[in-house]
Every structure is written in C-alpha cells, then in structure tokens.
Amino acid sequence: SRSIDSIELNTQPLYCSMMVSSCVHGVVVAILTTFCVVTDALQLPTTECSRRSVIPEILLSAAGLLGAPTIVSAQMEAEKVDISAFNAARSGTTTSSVAATAVRSGKIRSSIIPSLDPPPLLPIRGGRKGKATIQIPRVGYSLYKTAPELVPRCTALALRAGVRHFDVASLYGSNKEFAAPLKMYLGNGLKGLDKLYKEEKDELLEILDATSVAGEKHAIETIRFGSRSISPTIDGSAGGRQRREGLFISHKISNSEQSTDPVSVRRSVKRAIAELGVSYLDMVSIHSPLTDKDRRLTTYQALLELRDGGFVKSVSVCNYGVGPLEEIARLVGDNVEDYPAMNQLELSPFNQHSDVVNWCNDRGVAVGCSAWSKLSGVDGPAEEWAVLSDLAKTKGVTKAQLL
C-alpha cells in the first residue's frame, strides 16, 4: 500500500501488460492474457502432453475458447443476477447502461458474473452520458514493453490470431508504429497485412489461423448467451467500417498528461487519436493514480466530457485502489453512469485485491484481470512459487501457463 494525500491506495503502481511470450520452434510470438471477470476459471490440461500439442491447447484455454458453456445459467441464477438486463447488454442493446438499469430497479447489478466458459465479449457501461452498453473483448493484446520496431509484426500476428482488443498507452511510446498495421488492416483486412507475414514460418501461421477459427467457433457457440462474433469476415475496402467496429482500441494517458487543466487533457487524447489514425477510441483510461487528487479528478472529468462528445466510448482507470475510487464516487454522486467502465489491475494468487474487487463489484465496475506481472520476472515469493510449481507439475504445464 502507498499513502498519497492521506488516501490508502491499496495497490502498488502497476503498469499493465497483457503480453506473454511463448516460443514456437524458435519463433517468439507475442500472445495475450485474458481480460476477464475475476471468477472466471482457467481450464488446463490434466495429462502429460508434448510441447508441440500443449501450446495451441493452452492458448485456446487462456483465451476462454475451450470448454462447454453448460453451467453459466445455473450460476447466474445462484448469484441472483438480473438476467434480463444481462442478456440485453450481451445482445448489444444501447437503450441504457447496465448500471442505470440496475438503479431504476432499486439495486446495482453485480458486475462480476461467475462462469467457467464466458462468451468472448463483456458488456460494460459507455456511450454518451454513459447510457449505452458497449462490449469489450475479454482477450486483449498489449504493446507494453514491445520494442517499437517490433510493433508492426506483433500487431499483425495478433490480428491473424483473431485478437481484436488492443491495449496502447502514451507510456508505451509506440502509437505511430501501431498505426501502420492498423491502417493496413482497416483498409483491406488481413490481406492488407500479407507483406508482414511473408517471413513468418508456416507452422506459426497455421497455429494463429487455428486459434482464430476456434475463437469464431466459440463465439457462435456462446451466442445463445447474447454474445456475437468479434471478428469481421469481409476483406477489402468495403468492410472497413465493419472492421473498425469489430476492434476495441484502449488507450491509457500517463501521469504527465494528467492535469488540472481539462483542455490539456482533452488535447492529449485527441493527439493520441490522430497518431493512431482513427476517429474515436473505444476506451481511455487513467494509467495510474500516483499523481494528486486535483489532477486525478480533473483528468477524469475531462475524459467524461470526451466520452459525451463522442471522441471515446468509455472511460476507465488502471491500478486504482479503494481510496481514489471513492474520490470518483464523490465526484459523480448519484450519476452512477459516470463510474469507471473498468478498473484494470493485477489479480493473481499473489495479489488478490479483494477490497478493490468487492468495491468494483458492488458498483457495476468491470474488473480487468491481468496476471502479467508474475510472468515478467524470474523470481517470485519463494513459498508461493513452490506451491505453483507443484500444481503446474501435476497438470503437466509451466508455472506461467498455470497463472
């Protein structure tokens, strides 16, 4: 915990990455971890298997693409979830936000839905005045710590695998590099990225294609829960608008961009939109609460104004503890539509942040679960790593795959 302005943040300054590296016959592929509700379970193989066979299976499991959605309805009923509001959100209706619907019925619906095999899209609050429901793909690819010269290749590989949620940030310093393959994709679909695939090994491309197909299959299988396919199928310029609507681009503003001048904040976001070559962003988040109360709240209010002006679809925060979340609650008062759409932070066996998760759950704030930080270093807490090692050994997987 850190104390800033006498506010207990209850979380360390964690800079989010959803990127896991996996070696496929000498080719390092940037593959993704999962944006998910915190109670989603990761299904892992229970028998010994070869490295060649386990990689696709682990990728599909981590992306929530394996397993049958047979228990979701029963679990929802057990949690007394407002099923009608939930199904309306999943189907992409935009008549009201999830939170607004809950308030009119006299309660705030739980934002964390227990499920072993969730649909690929999670409904969150967004749109003008926060009165719409937008959908965020649960699997996201982050450019955190990706060398700028590798960004075009990594982005092209992620798109080939069916990823449609990209996490960019001012701190990553690679918006312009990300914009190049993005423009190719929006202009002509995956065919527009052909030149970036020429030097890739056929085996790698086959794995990525199989992952994409499995994702589409899973989306179709879960459509009865109100989800929809997240990968546009039309190549060529005619499908440009559909492809953009199928993408979810999330941007984070840095501490230095937080300001007590709302004009400065709005300019920073509009500059990022211009760098990325798009007309709007699906989500803009405050990357860290480690500034001061005045800058945090002025920045948040400026982002809400951008949302209401149509420049961004949703406003979120990252690495926020209960203290700064309560600041926002006091700022917005009864306007629950203006609560953050999401709070993205590390959640792992090492850092469970139960108080933050409970706060978000009680107020309809989705939780972006990132297990990245324990994969980016060699060492960890000795006792806990030993437990993970034993569990991984019984499953026939690595500690990284288990997390």
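Residues numbered from 1 in each chain as written. Predicted model: local features only at pLDDT ≥ 70, side-chain atom pairs only at ≥ 80, totals over all residues. Heavy atoms only, no water.

Caption draft 1: A look at the pattern of salt bridges. Enumeration over the complete set of coordinates arrives at 13 salt bridges. The shortest N-O distance in the salt bridge between K131 and E337 comes to 3.5 Å. With K131 in the loop between β5 (121-126) and β6 (132-137) and E337 in the loop between α12 (322-332) and β12 (342-346), the pair connects residues that are 206 residues apart, well separated along the chain. Among the residues examined, E337 registers a relative accessible area of 12% and is labelled buried. Across the pair R296 and E327 runs a salt bridge, and its minimum N-O distance is 2.8 Å. Of this pair, R296 sits in helix α11 (residues 293-308) while E327 sits in helix α12, and the two are 31 residues apart along the sequence. (Salt bridge = Lys/Arg side-chain N within 4 Å of Asp/Glu carboxyl O. Helix = DSSP H or I, 4+ residues; strand = E, 2+ residues; numbered from the N terminus. Buried < 20%, exposed > 50% of the residue type's maximum accessible area, 1.4 Å probe, protein only.)

Caption draft 2: Fine view of unusual backbone geometry. Within the chain, N319 stands out as a residue other than glycine whose phi angle is a positive 60°. Here N319 shows up in the loop between β11 (315-318) and α12. Owing to a relative accessible area of 1%, N319 belongs among the buried residues under this scheme. Residues other than glycine seldom take positive phi values, yet H353 does so here, at roughly 45°. Checked against the element boundaries, H353 lands in the loop between β12 and α13 (354-362). Here H353 falls in the buried class, since its relative accessible area comes to 11%.

Caption draft 3: Spatial organisation of helix α8 (residues 202-221). The first and last C-alpha atoms of α8 sit 28 Å apart over 20 residues, in line with the 28 Å expected at 1.5 Å per residue. Taken together, the buried positions of α8 are occupied by L204, L205, I207, L208, T211, S212, A214, G215, E216, H218 and A219. (Expected span 1.5 Å × (residues − 1).)

Caption draft 4: Structural view of the packing of α11 against α12. Here α11 crosses α12 at 55°, and the two axes come no closer than 11 Å. Here α12 runs oblique to α11, going by the angle between their axes. When you trace α11 past α12, the crossing you get is right-handed. Contact with α11, carried on its side by K293, R296, L297, Y300 and Q301, involves P324, E327, I328, L331 and V332 of α12 and no other residues of that element. Its residues assigned to classes, the contact of α11 with α12 shows six nonpolar, one polar and three charged. (Axes fitted to C-alpha atoms, helices over the stretch in contact; angles between N-to-C directions. Parallel < 35°, antiparallel > 145°, perpendicular 65-115°, else oblique. Left-handed = near helix turned anticlockwise from the far one by under 90°. Contact = heavy atoms within 4.5 Å. Nonpolar A, V, L, I, M, F, W, Y, C, P; charged D, E, K, R; others polar.)

Caption draft 5: Focus on the packing of aromatic side chains. By the definition in use, this model includes four aromatic pairs. Measuring from centroid to centroid gives 5.7 Å for Y144 and Y172, while their planes differ by 55°, and the two rings are tilted. Placement of the pair is Y144 in the loop between β7 (139-142) and α5 (151-160) and Y172 in the loop between β8 (165-169) and α6 (175-188), with a sequence separation of 28 residues. Of the two residues, Y144 and Y172, both sit in the buried class. Note that R243 overlies the ring of Y185, its terminal NZ or CZ placed 6.0 Å from the centroid. Over the ring of F311 we find K270, and its NZ or CZ is 4.6 Å from the ring centre. (Phe/Tyr/Trp six-rings, centres within 6.5 Å; stacked < 30°, edge-to-face > 60°. Lys NZ or Arg CZ within 6 Å of the ring centre and 35° of its normal.)

Caption draft 6: A look at the nonpolar core. Membership of the largest hydrophobic core comes to 61 residues, with the highest contact counts inside it found for F166, F178, V269, L281, Y300, L303 and W359. If sequence neighbours within four positions are ignored, L303 has contacts with I253, V265, V269, V284, I286, V312 and V315. Within the second largest apolar cluster, nine residues are counted, among which are I124, F248, M283 and M342. (Core = buried A, V, L, I, M, F, W, Y, C linked by side-chain atoms within 4.5 Å.)

Scope: geometric values only; no functional claims are made or implied.
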